[in-house]
Structure formats: structure tokens, C-alpha cells
Amino acid sequence: MDHEKYMRMAIAKAREGISNGQTPFGACVVKNGEVISCQHNLVWEETDITSHAEIVAIREACKVLGTVDLSGCVIYSTTEPCPMCFSAIHWAKIDAIYFGTRIADAQEVGFSELTISNEEMKSQGNSPVQIFGDFMRQENKEVFMDFIAKADKRLY
């Protein structure tokens, strides 16, 4: 699978979200080399704090595939999934997570993230999901820099 291609798609979605007044996060769900869904955060657009990029992408993937079982799928996330998103990934039975920046990076930008890492949740919850962190880290950090540069940015 072309992991860089799919992460670049997630990055492009995050940039699209920034230009639409959203926060700097993107996620793509891929199965057998086919993009099932690729989304950015919609928290402000939907006035829904649960509309993180991963959740929106998982919801769409479930609809597209007609199931809540996303076994065989991989999710590419510009930032390490928060505990809510990691739980959704686990419950959807997604095989693997590739993420760029870490939760600490989101905190440095000003987001009020919980500091529970994906590795810690995997370990404590005995989750089978594979985790590949710091994937294309520098490219993903640049998305945060774009967001920081916006005069009208909104955090949560």
C-alpha cells in the first residue's frame, strides 16, 4: 500500500479544513488500496465536538461499506488520534493507524488534548490495532504551522 499517498490525502483534507474555518486535522480510511473516505474536522461547521476528522471519516466509511466492521481498513490521521477517536478506531476493528504529529504537538498549538497516547490505550485496552506514529511527521507539523498563521483560527 502507498502509505505516503494516503497520508498526503489526509494532509490535503486538513488544509482544506483550515481554509474552511475548521481545525487542522484530516483523516483517510483505506481498504485494499481504495480510499473509502477522506475527511477533515467538522467540529465548528456542525457545532459538534465529536466531529473530529477520524470520527467523520469512520462514519462515512461505515456508510459506504454498509457495516460497522471496518476490518481490513487502515486509517491515516494527520495527528495522533485522541482517546475518543482511538476508541472508535478500536470498536470499528480498523487494522492500523498511521499518524503524523503527536498529541503533545496539538497541545503546543493550543488544543486541550488529553495526554493519553495511542500506545497507552492499546496496551491498557488490549487492542489489536497496529500503530505507526510519527509518519511523515514534518509534513504534518507544517499543517499546524499553517493553522497557527491564520488570524481567525478557532481552537477547542
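Structural data are supplied above this passage.
The numbers attached to residues start from 1 for each chain and follow its sequence in the written order. Note on the predicted model: pLDDT of at least 70 is required for a residue's local features to be given, and 80 or more for side-chain atom pairs to be given and counted; whole-chain, interface and lining totals, by contrast, use all residues. Derived side-chain values reflect all non-hydrogen atoms in the structure, with water molecules and hydrogen atoms excluded from consideration.

One finds Met-7, Ile-58, Leu-70, Ile-75, Ile-94 and Ile-97 to be the most contacted residues of the largest nonpolar core, which totals 46 residues. Excluding anything up to four places from it in sequence, Ile-97 contacts Ile-75, Pro-81, Phe-86, Ile-89, Asn-118, Val-129, Gln-130, Ile-131 and Phe-132. The set of buried Ala, Val, Leu, Ile, Met, Phe, Trp, Tyr and Cys residues whose side-chain atoms join them within 4.5 Å is what this entry labels a nonpolar core. Relative accessible area decides the class of each residue, using a 1.4 Å probe on protein chains only: under 20% of the type maximum gives buried, over 50% gives exposed, and in between gives partly exposed. Throughout, a contact is declared for two residues whenever any of their heavy atoms are within 4.5 Å.

In this description a helix means any DSSP run of H or I spanning at least four residues, a strand means any run of E spanning at least two, and both kinds are numbered starting from the N terminus. Position of His-40 among the secondary structure elements: in strand S2 (residues 34-40). When near neighbours in sequence (up to four residues on either side) are disregarded, His-40 contacts Lys-13, Ala-14, Glu-16, Gly-17, Asn-20, Gln-22, Phe-25, Gly-26, Ala-53 and Val-56.

Quick look at helix H3 (residues 53-65) now. Side chains of residues three or four places apart in an α-helix project in the same direction, reflecting 3.6 residues per turn. In this scheme, a helix's expected span is set at 1.5 Å multiplied by one less than its residue total. Between its terminal C-alpha atoms H3 stretches 18 Å, which fits the 18 Å expected from 13 residues at 1.5 Å a residue. If you check which residues of H3 are buried, you get Ala-53, Glu-54, Ile-55, Val-56, Ala-57, Ile-58, Ala-61 and Cys-62. Turning to H3, the residues buried within the fold contact strand S1 (26-31), S2, strand S3 (73-79) and helix H4 (83-91).

On to the environment of Glu-119. Summarising the element assignment, Glu-119 is placed in helix H6 (residues 118-125). Residue Glu-119 is classed as partly exposed on the basis of its relative accessible area, which comes to 43%. Between the C-alpha atoms of Glu-119 and His-3, which are 116 residues apart in sequence, the distance is 20 Å.

What follows covers the state of the cysteines. Only a pair of cysteine sulfur atoms within 2.5 Å qualifies as a disulfide here. In the structure shown here, the tally under the stated rule is 1 disulfide. Left without a disulfide partner, Cys-62 is nearest to the cysteine sulfur of Cys-73, which lies 8.5 Å away. Assessed through its relative accessible area of 16%, Cys-62 is described here as buried. Sulfur of Cys-85: no disulfide; nearest cysteine sulfur belongs to Cys-82 and is 3.7 Å away. Exposure remark for Cys-85: the relative accessible area of 0% places this residue in the buried category.

Attention now moves to the environment of Val-56. With respect to the helices and strands, Val-56 occurs in helix H3. The class for Val-56 is buried, based on a relative accessible area of 10%. Along the primary structure Val-56 and Ser-127 are separated by 71 residues, whereas in three dimensions their C-alpha atoms are 21 Å apart. Those residues within four positions of Val-56 in sequence are excluded, and the remaining contacts are Gln-39, His-40, Leu-42 and Ser-51.

Right, let's get into the packing of H3 against H4. Note on geometry: axes are C-alpha line fits, over the in-contact stretch for helices, and angles between N-to-C directions span 0 to 180 degrees. For the pair H3 and H4, interaxial distance at closest approach is 9 Å and the crossing angle is 25°. For the element pair H3 / H4, the angle class is roughly parallel. By crossing handedness, the relation of H3 to H4 is classed as left-handed. Across the interface between the two elements, Glu-54, Ile-55 and Ile-58 of H3 pack against Met-84, Cys-85, Ala-88 and Ile-89 of H4. Convention used here: angles under 35 degrees read as roughly parallel, angles over 145 as roughly antiparallel, angles from 65 to 115 as roughly perpendicular, and any remaining angle as oblique. Crossing handedness is defined as follows: a turn of the near helix away from the far one that is anticlockwise and smaller than a right angle gives a left-handed crossing, while the clockwise case is right-handed.

This part takes up the packing of aromatic side chains. The way to describe two aromatic rings as a pair is by their centre distance and the angle between their planes. We call Phe, Tyr and Trp rings a pair once their centres come within 6.5 Å, taking the six-membered ring for Trp, and we label the pair stacked below 30 degrees between planes, edge-to-face above 60, and tilted otherwise. Within the structure shown, the criterion is met by 7 aromatic pairs. Judged by centre distance (5.9 Å) and plane angle (80°), the rings of Phe-25 and Phe-144 are edge-to-face. Residue Phe-25 is located in the loop between helix H1 (3-19) and S1, and its partner Phe-144 is located in helix H7 (residues 137-149); the two are separated by 119 residues in the primary sequence. Of the two residues examined, Phe-25 and Phe-144, each falls in the buried class. An aromatic cluster is built from Tyr-6, Tyr-76, Tyr-98, Phe-132 and Phe-135, whose rings are joined through pairwise contacts.

The next thing to look at is the pairing of S1. Of all 6 residues in S1, 5 are buried, a share of seventy percent or more. By this definition, two strands are paired if DSSP reports at least two bridges between them. The antiparallel pairing of S1 with S2 creates a hairpin that spans 2 residues between the two strands, and Asn-32 there sits at a positive phi of about 50°.

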